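Coordinate analysis (summary)
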Amino acid sequence: QVQLVESGGGLVQPGGSLRLSCAASGSILTIFNMGWYRQAPGKQRELLADITNGGSTNYSDSVKGRFTISRDNSKNTVYLQMNSLKAEDTAVYYCNADIIRLDRIIRNIYWGQGTQVTVSS
């Protein structure tokens, strides 16, 4: 079994910062790409950023220059540093990871449960 658990969401004022974390645990052999998505009410889930296990990153235009994705492979954890937050960044934020399980040697995409980020004064 594999689990992804996000943390770090909350309420922040416009212009503020938050750091999200997502830790993968369980029967893990290898983690390939890890990513962060968000879904605002009434909108589709959108990819914000992803990172390979070698550290190469990719960002959507909506967050480029404001958000930074990073990962600690020793902790099976991916982070999203969010700066200069705007009201339109309000959403539920999800992480995902492309994982090969150790117990069944099955490769699959796993998702976290989501964490709410609200940007408001």
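The following refers to the structure shown.

Here we look at a nonpolar patch on the surface
Taken together, the side chains of Leu29, Leu102 and Ile105 define a hydrophobic patch exposed on the protein surface, amounting to about 300 Å² of accessible area. When you line up the elements, Leu102 lands in the loop between strand 9 (91-101) and strand 10 (107-111).

Here's the deal with the sheet that holds strand 1 (residues 2-7)
Strand order in the open sheet made by the four strands is 1-3-8-7, with antiparallel pairing throughout. The open sheet has two edge strands, strand 1 and strand 7 (67-72), and neither has a second partner. The average angle at which neighbouring strand axes cross in this sheet is 15°, direction not considered.

With respect to the pairing of strand 4 (residues 28-39)
Relative to strand 9, strand 4 is paired through nine bridges, and the arrangement is antiparallel. Directly across from Met34, in strand 9, lies its bridge partner Ala97. In this structure, strand 4 lies alongside strand 5 (residues 46-51), joined through five bridges in antiparallel fashion. Bridging across to strand 5, Gly35 finds its partner in Asp50.

Observations regarding the nonpolar core
Within the largest apolar cluster, 30 residues are counted, with the highest numbers of intra-cluster contacts made by Leu4, Leu80, Met82, Tyr93 and Ile99. Counting residues per element, the ones that place at least two in this core are strand 1, strand 3 (18-26), strand 4, strand 5, strand 7, strand 8 (77-82), strand 9 and strand 11 (115-119). In terms of residue count, the dominant contributor to this core is strand 9 (five residues). Residues contacting Ile99, with those up to four places away along its chain left out, are Val2, Leu4, Ala24, Ile28, Thr30, Ile31, Ile106, Arg107, Asn108 and Tyr110.

About the thresholds
- Residues numbered from 1 in each chain as written.
- Predicted model: local features only at pLDDT ≥ 70, side-chain atom pairs only at ≥ 80, totals over all residues.
- Heavy atoms only, no water.
- Patch = residues over 30% accessible without salt bridge, like charges linked within 9 Å, V, L, I, M, F, W, Y side chains within 5 Å.
- Areas by Shrake-Rupley, 256 points an atom, 1.4 Å probe, with all protein chains shown as cover.
- Salt bridge = Lys/Arg side-chain N within 4 Å of Asp/Glu carboxyl O.
- Helix = DSSP H or I, 4+ residues; strand = E, 2+ residues; numbered from the N terminus.
- Pairing = 2+ DSSP bridges.
- Axes fitted to C-alpha atoms, helices over the stretch in contact; angles between N-to-C directions.
- Core = buried A, V, L, I, M, F, W, Y, C linked by side-chain atoms within 4.5 Å.
- Buried < 20%, exposed > 50% of the residue type's maximum accessible area, 1.4 Å probe, protein only.
- Contact = heavy atoms within 4.5 Å.

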